[in-house]
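These are the residues of each chain, in order.
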Amino acid sequence: MEVFRTNEKISEKGHCYTDGVKYKFKCSTCTRSWTSMKGCVRIKLSLDTEQQEGIVQLQPTGQMCRRCKKTFEEPSWYAEEMDKVAANIGLMIHFWFYEGEDPELNVGMRSGKPRSAHNSRLCQACTLGVCRRMRIQKNHGK
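First, a word on scope: everything that follows refers to the structure included in this document. (Residues numbered from 1 in each chain as written. Predicted model: local features only at pLDDT ≥ 70, side-chain atom pairs only at ≥ 80, totals over all residues. Heavy atoms only, no water.)

## Quick notes on the pattern of salt bridges
As enumerated under the stated definition, the model contains two salt bridges in all. One salt bridge in this structure joins Asp19 and Lys84, with 3.4 Å as the shortest N-O distance. Of this pair, Asp19 sits in strand S2 (residues 14-26) while Lys84 sits in helix H1 (residues 79-97), and the two are 65 residues apart along the sequence. A residue is classified by how much of its surface remains accessible, and Lys84, at 7% relative accessible area, is buried. A salt bridge links Lys84 to Glu81, with the shortest nitrogen-to-oxygen separation between them at 4.0 Å. (Salt bridge = Lys/Arg side-chain N within 4 Å of Asp/Glu carboxyl O. Helix = DSSP H or I, 4+ residues; strand = E, 2+ residues; numbered from the N terminus. Buried < 20%, exposed > 50% of the residue type's maximum accessible area, 1.4 Å probe, protein only.)

Have a look at this one:
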């Protein structure tokens, strides 16, 4: 499994989708910290036929600090969010590579009480067009 940093480009070749998650953030400039109920991780699943192995790539999306607004900060994961995303990846592998049935993905999230409205200017997922929803896109051989 490969994990990409927020500023790296993930290829769209293969089967791509996004999963919604709750993240923790800490500003690298002013050390302000916050959580986001609207985080997402971009996931790409592909098959290397030469090596005969599957490839899973993850790219958590970042957020800018409301105070500094300098760069997209890397998120930290809650353990239960990691478990949910891993289980959903297993379902999607079964669906796309083993001709499984349409998966019943877990769209739940760690509980929380949002203190402010979502600010799309501070959200990397919004700039990428993948925020606030779990989407499944089949990108065969693009």
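## Some remarks on unusual backbone geometry
The backbone phi angle of Thr31 is positive, close to 65 degrees, even though this residue is not glycine. The topology assignment puts Thr31 in the loop between S2 and strand S3 (33-48). Under the relative-accessibility criterion, Thr31 is labelled exposed at 51%. If you check the backbone angles, Gln52 has positive phi at about 55 degrees while not being a glycine. If you trace the backbone, Gln52 turns up in the loop between S3 and strand S4 (53-60).

## Comments concerning the layout of surface pockets
Of the voids in this model, the largest pocket is the one considered here, and its volume is about 550 Å³. Forming the walls of the largest pocket are 20 residues, and the residues nearest its centre are Trp34, Thr35, Ser36, Arg115 and Ser116. (1 Å grid on protein atoms, 1.4 Å probe; cavity = no way out; pocket = protein on both sides within 12 Å on 5 of 7 lines; lining within 4 Å. Points joined across faces, edges and corners; volume = space filled by probe spheres on them.)

## A closer look at the packing of aromatic side chains
Counted by the stated rule, this structure contains five aromatic pairs. A ring pair is formed by Tyr23 and Trp77, whose centres lie 5.3 Å apart and whose planes are at 85 degrees; its orientation type is edge-to-face. With a gap of 54 residues between them, Tyr23 in strand S2 and Trp77 in strand S5 (residues 76-77) connect regions that are remote in the sequence. Overall, Tyr23 belongs to the buried group, its relative accessible area being 0%. Seen in terms of ring centroids, Phe95 and Trp96 are 6.1 Å apart; in terms of plane orientation they differ by 45 degrees. Their pairing is tilted. On the accessibility criterion, Phe95 (14% relative accessible area) is buried. Overall, the relative accessible area of 11% leaves Trp96 in the buried class. (Phe/Tyr/Trp six-rings, centres within 6.5 Å; stacked < 30°, edge-to-face > 60°.)

## Considering the nonpolar core
Counting 18 residues, the largest nonpolar core has Tyr17, Val41, Ile43, Leu45, Ile89 and Met92 as the members making the most contacts within it. Within the residue set of this core, elements represented by two or more residues are S2, S3, S4 and H1. Looking at which element gives the most residues to this core, the answer is H1, with five residues. Those residues within four positions of Ile89 in sequence are excluded, and the remaining contacts are Tyr17, Ile43, Leu45, Val56 and Leu58. Core analysis: the next-biggest nonpolar cluster, separate from the first, contains five residues, Cys40, Cys123, Ala125 and Val130 among them. (Core = buried A, V, L, I, M, F, W, Y, C linked by side-chain atoms within 4.5 Å. Contact = heavy atoms within 4.5 Å.)

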